[in-house]
Amino acid sequence: MADHSSANDRERPTASPWPVLIALGLVFSEVGIVVGLFPVAVAGLVLFAASVAGILAESSHVASPWPLTVGAGLVFVAAGSALYALGTGALVVPAIDGLTGLASRGLAVAVAGVVTVVGAGIVRYRKR
């Protein structure tokens, strides 16, 4: 029996899971940060960072997702540390004196950054 399928039939593009994972990461991180659910906020931010790196690697915008993932984790650590410092009074900015909950939110963002960096390192090491 002859194969009547063309090359295009055999190489159908598949749908990428990354857009859904990016959306879920944003939703979980926002809900976790706003409501104060620490593990949900951390998981959402880690999922968001990994998914952004994954979609950029899949679309060939970056050669490897690992530097981007580590970079996002370091940005999370820096931003979370700044929020924590503002929340605890270690850093004083008069314009934001009325804001509350910055310390816990900053801690969640910083921990998410550490988990992202460590997770990227572990996955990268295991893929060798």
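Reading guide: rules and limits
Residues numbered from 1 in each chain as written. Predicted model: local features only at pLDDT ≥ 70, side-chain atom pairs only at ≥ 80, totals over all residues. Heavy atoms only, no water. Helix = DSSP H or I, 4+ residues; strand = E, 2+ residues; numbered from the N terminus. Buried < 20%, exposed > 50% of the residue type's maximum accessible area, 1.4 Å probe, protein only. Contact = heavy atoms within 4.5 Å. 1 Å grid on protein atoms, 1.4 Å probe; cavity = no way out; pocket = protein on both sides within 12 Å on 5 of 7 lines; lining within 4 Å. Points joined across faces, edges and corners; volume = space filled by probe spheres on them. Nonpolar A, V, L, I, M, F, W, Y, C, P; charged D, E, K, R; others polar. Expected span 1.5 Å × (residues − 1). Axes fitted to C-alpha atoms, helices over the stretch in contact; angles between N-to-C directions. Parallel < 35°, antiparallel > 145°, perpendicular 65-115°, else oblique. Left-handed = near helix turned anticlockwise from the far one by under 90°. Patch = residues over 30% accessible without salt bridge, like charges linked within 9 Å, V, L, I, M, F, W, Y side chains within 5 Å. Areas by Shrake-Rupley, 256 points an atom, 1.4 Å probe, with all protein chains shown as cover. Salt bridge = Lys/Arg side-chain N within 4 Å of Asp/Glu carboxyl O.

A. Representation of the overall build of the chain in the model. Scanning the chain from terminus to terminus reveals five helices and zero strands. Element order for the chain, N to C, with α for helix and β for strand: α-α-α-α-α. Burial analysis of the chain (128 residues in total) assigns 21% to the buried set. Excluding contacts between residues fewer than 6 apart, the proportion of contacts in the chain whose partners are at least 24 apart in sequence is 60%.

B. Here's a closer look at the layout of surface pockets. Approximately 160 Å³ is the volume found for the largest pocket. Considering the residues around the largest pocket, the lining is formed by 13 residues, among which Ala 50, Trp 66, Thr 69, Ala 120 and Val 123 are closest to the centre. For the lining of the largest pocket, the secondary structure elements donating two or more residues are helix 3 (38–58), helix 4 (65–88) and helix 5 (102–126). Among the residues forming the lining of the largest pocket, the class breakdown is nine nonpolar, four polar and no charged.

C. Representation of helix 4. With 24 residues, helix 4 extends 34 Å from end C-alpha to end C-alpha; this agrees with the ideal 34 Å at 1.5 Å per step. Among the residues of helix 4, those classed as buried are Thr 69, Gly 73, Phe 76, Gly 80 and Ala 85. Two residues or fewer past helix 4, Gly 89 is found with a positive phi of approximately 90°.

D. Spatial organisation of the packing of helix 2 (residues 18–35) against helix 3. Interhelical geometry of helix 2 versus helix 3 gives an angle of 155° and a closest axis separation of 7 Å. If you check the angle between helix 2 and helix 3, you find them roughly antiparallel. Pair helix 2 / helix 3 crosses with left-handed handedness. From helix 2, Trp 18, Pro 19, Leu 21, Ile 22, Leu 24, Gly 25, Leu 26, Phe 28, Ser 29, Gly 32 and Ile 33 reach across to helix 3, where they touch Val 40, Ala 41, Gly 44, Leu 45, Leu 47, Phe 48, Ala 50, Ser 51, Val 52, Gly 54, Ile 55 and Glu 58.

E. Representation of a nonpolar patch on the surface within the structure. A cluster of nonpolar side chains, Val 20, Leu 24, Val 27, Phe 28, Val 31, Val 34, Val 35, Leu 37 and Val 40, forms an exposed patch at the surface whose accessible area comes to about 740 Å². Looking at which element gives the most residues to the nonpolar patch, the answer is helix 2, with seven residues. With respect to the secondary-structure elements, Val 35 resides in helix 2. Given the relative accessible area of 58%, Val 35 is considered exposed.

F. Region of interest: helix 3. For helix 3, built from 21 residues, the straight-helix expectation of 30 Å at 1.5 Å per residue is met to within 8% by its first-to-last C-alpha distance of 30 Å. Looking at helix 3, one finds that the buried residues are Ala 41, Val 42, Gly 44, Leu 45, Ala 49, Ser 51, Ala 53 and Gly 54. Turning to helix 3, the residues buried within the fold contact helix 2, helix 4 and helix 5.

G. Representation of the environment of Pro 39 within the structure. Looking at the element boundaries, Pro 39 is found in helix 3. Residues Pro 39 and Ser 29, spaced ten residues apart in sequence, show a C-alpha to C-alpha distance of 9.3 Å.

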